[in-house]
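So you can see what is in the structure, the chains are spelled out below.
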Amino acid sequence: MSALTKLLSTAYVKRLLIASQTGRLPMASAPLALLLFAREAHSLTLAGLVVGAYTAGMAVSAPILARIVDRWRQPPVLWGSALLSGVGFVLVAVSGHALAVTLAGALLAGLGTPPLEACLRALWPDLVEPDAIAAAYSLDIAVQEVIYVTGPLVTLAAVAIAGPPAGLLAAAVLQLAGVAIFAATPAVRTWRGVAAVRHWAGPLRVFRFVVILLGVICAGAAIGSLPVAVTGYAEAVGDRSISGWLLAAQATGALIGGLVYMRVRPGGRARLPLVTVGLAAGFVPLLAIPGPWPMALLLAVAGLSLPPVLTAVFLTADRLTPAGTAVEAFAWIITAFTVGSAAGAAITGPLVGESLRSGFAFAPVAGLLAVGAMSAASLTGRHPADRREAAVGS
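Predicted model only: the values in this text are computed from it and were never measured.

### Here's the deal with the packing of helix 3 (residues 26–39) against helix 8 (residues 133–162)
- Two numbers describe how helix 3 lies on helix 8: the axes approach to 7 Å, and their chain directions differ by 40°. The hand of the helix 3/helix 8 crossing is right-handed. Where helix 3 abuts helix 8, its residues Met27, Ala28, Ser29, Leu32, Ala33 and Leu36 lie against Ile147, Tyr148, Gly151, Pro152, Thr155, Leu156 and Val159.
- In terms of residue class, the contact of helix 3 with helix 8 is made up of 10 nonpolar, three polar and no charged.

So, in C-alpha cells, the structure goes:
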C-alpha cells in the first residue's frame, strides 16, 4: 500500500483535508474578490490597500487565535473566528464602496480567518502513526497548492454570475462551510491542548525557532516575488493573461513535489538546510527568461522544493518548541511565510520596473538568505528528539 493510499484510508483524514481545503479557499479567493470589488470605485493603489488590510489582519490574528486553541479547544475558536470573518466580508459587500467601511471590513475579515491550517497540522500526531507524520505534512502542504489554483477561479465565477459583491459572499460561505465540517469531526471535537507550564512568549522563547521563522520569512519573500516578476514577464511578452497559467505551473510543480516527498523519510538535522538549498537553486534558471513554454517548465521545477522545505520546517518546529504550543508554533510559521510573501511582492515591484532580470534575481537571493537561517538553526547546538530544550527557557 502506497503512503498516499495508506494516509487517505486513515479515519477522518479525507474529511479533514476536504474541509480544511474548503475553509481555506478564501486565502486565495478573497484577495482577488476584494481587489475586484474595490477597483469598481477606487484606484488600483487604494484597492491594493484594501487587500493589504485583509492580509495584515490574517498575519496579526493567526498566532493569537492559535494560542487560544492551544489553551482551550479547536471548535469554539474556529466557529467564532469564521463568524467574525464572515461579518467582515459582508460589511465590505454592503459598504457601498465607502473606503473607511471597506477597509474596516477587510481588516475584520482577515482578523477572523480561522486557523484551520495550524489546527490540522496539530491533529496529525493523533491521527496517523509516528512514521507517517512527515508524509501527512507533505500531503497537506501539497494539496494546499490546489487552493491557489481554484480560489481565484471561484471568485471569477461568482463575480461573473452576480457581480463583485458575490465574490466576497462566496468567500464567507466557503469559509463557514469548511469550518462546519472540520469542527464537527470527532477527532477535532475530542482534541485538547497539552497541559503545560505557560510562558508569555510561547514558542518564541526558543531562539532557534525564531531563527527558523527568519528563514521562513526569506523563503516566503522568494515565493511572494514570483507573481510580480511573472506578471512583468507576461507584459513583456505581450500577453498578460499567461501570468495565471505560469503561476498555475508553479503550483502544479509544488503539488508534484509534495506528493513525491511523501515517500521520503524525514531525515536528520541536515535535511532542512538541504531542501532549502534545492528551493534557492530552483529559482536560478528563471534568470534565463526563456519563452513562455520553457518558462512554465522552469516555474514548475522552481515549485518542486517548496513542500519539502515546509514539511521539514514543521517537523523541526515540532521538535524544538515547548509542549502545549504546537498550534501557535505552526501559526507563527504561517504568519512568517505570509509576511515574507507580502514583503517579497513589495520589493520586487520596483525591481521589475528597473529590469525583468532584476525582478527574477530577488528570489534566489532571498532563497540564499533562507539557506543561511535554516543552516544556523539546524546545524548548531543541540537538536533534541523531544521538547526538552524548550524547558530551559520556561
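Structure shown, so let's carry the discussion forward.
### A short note on the nonpolar core
- Of all hydrophobic cores here, the largest spans 92 residues; its most connected members are Trp124, Phe182, Phe283 and Ile333.
- Sort the elements by how many residues they give to this core and helix 11 (residues 207–236) lands first, with 15 residues.
- Ignoring anything within four residues of it in the chain, the contact list for Phe182 reads Leu16, Ala19, Ser20, Gln74, Leu78, Leu116, Cys119, Leu120, Leu123 and Val188.

### Notes on the packing of helix 12 (residues 242–261) against helix 14 (residues 292–303)
- Orientation of helix 12 relative to helix 14, taken along the N-to-C sense of each, is 35°, at an axis distance of 6 Å. Pair helix 12 / helix 14 crosses with right-handed handedness. Contacts between helix 12 and helix 14 pair Ile242, Leu246, Ala249, Gln250, Gly253 and Ala254 from the former with Pro292, Met295, Ala296, Leu299, Ala300 and Gly303 from the latter.
- In terms of residue class, the contact of helix 12 with helix 14 is built from nine nonpolar, three polar and no charged.

### Considering unusual backbone geometry
- At Tyr12, a position not held by glycine, the phi torsion is positive, near 75°.
- One non-glycine residue with positive phi stands out, namely Ile289, at about 45°.
- By the element assignment, Ile289 lies in the loop between helix 13 (271–283) and helix 14.
- The exposure class of Ile289 is partly exposed, given its relative accessible area of 21%.

### A look at helix 3
- For helix 3, with 14 residues, the first-to-last C-alpha span of 18 Å sits near the 20 Å given by 1.5 Å per residue.
- Most of helix 3 is tucked away, with 10 of its 14 residues classed as buried.
- Of the positions making up helix 3, those classed as buried are Pro26, Met27, Ala28, Ser29, Ala30, Pro31, Ala33, Leu34, Phe37 and Ala38.

### Here's the deal with the packing of aromatic side chains
- Scanning the entire structure with this criterion turns up four aromatic pairs.
- On the numbers, 6.0 Å between centres and 35° between planes, the contact of Tyr137 with Phe314 is tilted. Here Tyr137, found in helix 8, pairs with Phe314, found in helix 15 (residues 306–320); they are 177 residues apart in sequence, far enough to count as distant. Summarising the burial analysis for this pair, Tyr137 and Phe314 share the class buried.
- Taken together, a centroid distance of 6.1 Å and an interplanar angle of 80° make the contact between Tyr137 and Phe330 edge-to-face. In this pair, Tyr137 is assigned in helix 8 and Phe330 in helix 16 (residues 326–354), connecting sequence segments 193 residues apart.
- Accessibility expressed as a relative area gives 0% for Tyr137, which makes it buried.
- Judged by relative accessible area, which is 2%, Phe330 ranks as buried.
- Three or more aromatic residues joined by ring pairs make a cluster, and in this case those are Tyr137, Phe314 and Phe330.

### Considerations on the confidence of the model for the protein chain
- Scored by pLDDT, the protein chain has a mean of 87; 93% of the residues are at 70 or more.
- With pLDDT under 50 throughout, residues 383–394 is counted as low confidence; its partners more than four residues away or in other chains account for 30 contacts.

### Regarding the environment of Val313
- Its place among the elements puts Val313 in helix 15.
- A relative accessible area of 0% places Val313 in the buried class.
- Here the alpha-carbon distance between Val313 and Ile212, two residues 101 residues apart in the chain, equals 7.5 Å.
- For Val313, the residues in contact, after removing those within four places along its chain, are Ile212, Val216, Leu272, Ile333 and Met374.

### A few points about a nonpolar patch on the surface
- The grouping of Val90, Leu91, Val94, Val101 and Leu169 at the surface amounts to a nonpolar patch, some 370 Å² of accessible area in total.
- Among the residues examined, Val101 registers a relative accessible area of 31% and is labelled partly exposed.

### Describing the pattern of salt bridges
- In the structure shown here, the tally under the stated rule is four salt bridges.
- The residue Glu328 makes a salt bridge to Arg67 at a minimum N-O spacing of 2.9 Å. Pair noted here: Glu328 is in helix 16 and Arg67 is in helix 4 (residues 44–71), with a separation of 261 residues, a long-range link.
- Here Glu117 makes a salt bridge to Arg121, at a shortest N to O gap of 2.6 Å. One end of the pair is Glu117 and the other is Arg121, both in helix 7 (residues 116–127) and four residues apart, which spans about a single turn. The same class applies to Glu117 and to Arg121, which are both buried.
- Residues participating in the shared-partner salt-bridge network are Arg24, Glu117, Arg121 and Asp140.

Criteria and thresholds
Residues numbered from 1 in each chain as written. Predicted model: local features only at pLDDT ≥ 70, side-chain atom pairs only at ≥ 80, totals over all residues. Heavy atoms only, no water. Axes fitted to C-alpha atoms, helices over the stretch in contact; angles between N-to-C directions. Helix = DSSP H or I, 4+ residues; strand = E, 2+ residues; numbered from the N terminus. Left-handed = near helix turned anticlockwise from the far one by under 90°. Contact = heavy atoms within 4.5 Å. Nonpolar A, V, L, I, M, F, W, Y, C, P; charged D, E, K, R; others polar. Core = buried A, V, L, I, M, F, W, Y, C linked by side-chain atoms within 4.5 Å. Buried < 20%, exposed > 50% of the residue type's maximum accessible area, 1.4 Å probe, protein only. Expected span 1.5 Å × (residues − 1). Phe/Tyr/Trp six-rings, centres within 6.5 Å; stacked < 30°, edge-to-face > 60°. pLDDT = per-residue confidence, 0-100. Patch = residues over 30% accessible without salt bridge, like charges linked within 9 Å, V, L, I, M, F, W, Y side chains within 5 Å. Areas by Shrake-Rupley, 256 points an atom, 1.4 Å probe, with all protein chains shown as cover. Salt bridge = Lys/Arg side-chain N within 4 Å of Asp/Glu carboxyl O.

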